[in-house]
Amino acid sequence: MKVQRRHLSQHKLGECAKRLVACRYCNKEFVFDTLGAHHAKCGRFPVACPHRCETAVLPREDLEVHLKDHCTTHLLSCTFKDAGCRFKVYVLFNNLNYINIFVFPFFV
């Protein structure tokens, strides 16, 4: 691609696919045309809890700890899933870890 000298500074700042840009989540610098691939694995990229709990979004790097220690919603399978039952239910736990509510049973 040819760029006229008078437009070179504008091209470098905002148009060049090879310009360096900072990831808005982790602030590390990447070549612009690789930023999308970085976002697919960036630890600070916001993701939703797969259990749809009250935590709307959290950094990808915190998801495992959230699911293990902090998530108030868990997806439980039927006791007979090994026999072929596909019934699953979301279970909400209160802050004392007692079962509080069963929500939206569904088949997957």
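Residues numbered from 1 in each chain as written. Predicted model: local features only at pLDDT ≥ 70, side-chain atom pairs only at ≥ 80, totals over all residues. Heavy atoms only, no water.

### Overview of the overall build of the protein
Along its length, the protein carries three helices and seven strands. Expressed as a percentage of contacts within the protein between residues at least 6 apart in sequence, the contacts between residues at least 24 apart total 4%. When the accessible surface of the protein is totalled, it reaches about 8600 Å², and 57% of it is carbon and sulfur. (Helix = DSSP H or I, 4+ residues; strand = E, 2+ residues; numbered from the N terminus. Contact = heavy atoms within 4.5 Å. Areas by Shrake-Rupley, 256 points an atom, 1.4 Å probe, with all protein chains shown as cover.)

### Quick look at the confidence of the model for the protein
Residues at a pLDDT of 70 or more form 77% of the protein, whose mean pLDDT is 80. Residue range residues 100-104 is modelled with pLDDT below 50. Its contacts to residues more than four positions away, or to other chains, number 13 contacts. (pLDDT = per-residue confidence, 0-100.)

### A short note on the side chain of His 38
Among the structural elements, His 38 can be located in helix 2 (residues 35-39). When neighbours within four sequence positions are excluded, His 38 is seen to be in contact with Cys 23, Cys 26 and Phe 30.

### Describing the packing of aromatic side chains
Per the stated rule, a full pass over the model turns up one aromatic pair. Seen from their ring centres, Tyr 25 and Phe 45 are 5.0 Å apart, and the 75° between their planes marks the pair as edge-to-face. In this pair, Tyr 25 is assigned in the loop between strand 1 (20-22) and strand 2 (29-31) and Phe 45 in the loop between helix 2 and strand 3 (46-48), connecting sequence segments 20 residues apart. You can call Phe 45 partly exposed: its relative accessible area is 22%. (Phe/Tyr/Trp six-rings, centres within 6.5 Å; stacked < 30°, edge-to-face > 60°. Buried < 20%, exposed > 50% of the residue type's maximum accessible area, 1.4 Å probe, protein only.)

### Thoughts on the nonpolar core
Core analysis: the largest hydrophobic core is formed by six residues, namely Val 47, Cys 49, Cys 53, Leu 58, Leu 63 and Cys 71. Val 21, Cys 26, Leu 35 and Cys 42 belong to the second-largest nonpolar core, a separate cluster that totals five residues. (Core = buried A, V, L, I, M, F, W, Y, C linked by side-chain atoms within 4.5 Å.)

### As for the pattern of salt bridges
Tallying each qualifying case throughout the model produces three salt bridges. Among the ionic pairs, Asp 69 bridges to Lys 68, the shortest N-O distance being 3.9 Å. (Salt bridge = Lys/Arg side-chain N within 4 Å of Asp/Glu carboxyl O.)

### Points about the side chain of Arg 19
Among the secondary structure elements, Arg 19 is positioned in the loop between helix 1 (8-14) and strand 1. Within the structure, the side chain of Arg 19 is placed 2.6 Å from the backbone oxygen of Cys 16, a separation counted as a polar contact. (Polar contact = N/O pair within 3.5 Å; in protein donor to acceptor, adjacent residues only side chain to side chain.)

### Considerations on the environment of Thr 72
When you line up the elements, Thr 72 lands in the loop between helix 3 (63-70) and strand 5 (73-77). A distance of 2.8 Å separates a polar atom in the side chain of Thr 72 from a polar atom in the side chain of Glu 54.

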